Amino acid sequence: MKAALVAPDGTLLHEARRATARERGPDAVVESILGFAGELRAYGQEHLGHSALAAGVAVPGIVDAENGIAVYAANLGWRDVPLRDLLRERLGAPVALGHDVRTGGLAEGRIGAGKGADRFLFVPLGTGIAGAIGIAGRIEAGAHGYAGEIGHIVVRPDGPACGCGQRGCLETLASAAAVTRAWATASGDPDADAADCAKAVESGDARAREVWLDAVDALAAGLVTALTLLDPRTLIIGGGLAEAGETLFTPLRAAVEERVTFQKLPAIVPAALGDTAGCLGAGLLAWDLLATDSEVTA
């Protein structure tokens, strides 16, 4: 878990980290979050002179932000956890709840790589691939809270099976986890990962280059579908694969440009906030909540 105290302009005032206690079960995770939030609030009172006025929480999985419920988070074992009410009771302050990727996208859009862009798409490439659609400083969640799930665009119908039930989804081909699997097979090293593949590409390894460019090709196909639908001004790429820098961005920009016809090319840029984006975005959700006096969030 990552937590922070955030100023109204998004400035990071204090940051802390803690294990989730996941090994002790779903209820222990909830209790660890409540305790951590209470400690952070106390820290603000003691060291900054006042307590936090509101809290924002970014949750992995399916979120009913309007009702403050973490509907489903497989890696935490959660189903229908009323997290907003639990935190509000513990903290005595209003609480906003958001999806982790959309929350990180909110921060990148307002104070990170997308600052100043009226339309952007944030795509972190991690274990899976998700997305956040930014419009005029807000994140579009969609009618049912599923907007931006670019990882489940089918780019190769005959491709690998995906956990969503389809075949050839973008995240089965271009996520960090997908590159890790492909490079472990190609290199014969079961412990090799996507970062190792990127290093091998940089050193001129032909097998690594083939694996890498296959992933870039799939990623470009998915991104062109997204930009055809959304026409973003800025395309922000984050997550573990983005840490490869120009080893990723140079071929990716070229592959996207090769595919566009009538579409306008967005600026394709790396995310700026790293793994603090979620904390900062959660803080922005909290400030938005205070500004609107409503508990409807991104």
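You'll find the structure just up there.
Residues numbered from 1 in each chain as written. Predicted model: local features only at pLDDT ≥ 70, side-chain atom pairs only at ≥ 80, totals over all residues. Heavy atoms only, no water.

Caption draft 1: Structural context of the packing of helix α5 (residues 176–187) against helix α7 (residues 206–230). Where α5 meets α7, the axes come as close as 10 Å, and the angle between the chain directions of the two elements is 155 degrees. For the element pair α5 / α7, the angle class is roughly antiparallel. For the pair α5 and α7, the crossing hand works out as right-handed. Residue-level inspection shows Val-179, Ala-182, Trp-183, Ala-186 and Ser-187 of α5 in contact with α7, the latter providing Arg-207, Ala-208, Val-211, Trp-212 and Ala-215. Within the contact of α5 with α7, the residues separate by chemical class into eight nonpolar, one polar and one charged. (Axes fitted to C-alpha atoms, helices over the stretch in contact; angles between N-to-C directions. Helix = DSSP H or I, 4+ residues; strand = E, 2+ residues; numbered from the N terminus. Parallel < 35°, antiparallel > 145°, perpendicular 65-115°, else oblique. Left-handed = near helix turned anticlockwise from the far one by under 90°. Contact = heavy atoms within 4.5 Å. Nonpolar A, V, L, I, M, F, W, Y, C, P; charged D, E, K, R; others polar.)

Caption draft 2: How the structure looks around unusual backbone geometry. Not every positive phi belongs to a glycine, and Ala-136 is a case in point at roughly 50 degrees. One non-glycine residue with positive phi stands out, namely Asp-231, at about 50 degrees. Along the chain, Asp-231 falls in the loop between α7 and β11 (234–238).

Caption draft 3: View of the sheet that holds strand β12 (residues 267–270). Taken in spatial order, the five strands line up as β10-β9-β8-β11-β12 in an open sheet, and their pairing is mixed. At either end of the open sheet lies a strand with only one pairing partner, and these are β10 (138–140) and β12. Ignoring which end each strand starts from, the neighbouring axes of this sheet average 30 degrees apart. Here β11 pairs with β12 via four bridges, running parallel. Looking at the pairing, Ile-236 lines up with Val-269 of β12. Sitting on the sheet, helix α3 (residues 100–111) touches β8 (119–124), β9 (132–135), β10 and β11, and the angle it makes with β8 is about 130 degrees. Against the sheet, α7 engages β8, β9 and β11, with an angle of about 155 degrees to β8. (Pairing = 2+ DSSP bridges.)

Honestly, it's all geometry; don't read function into it.
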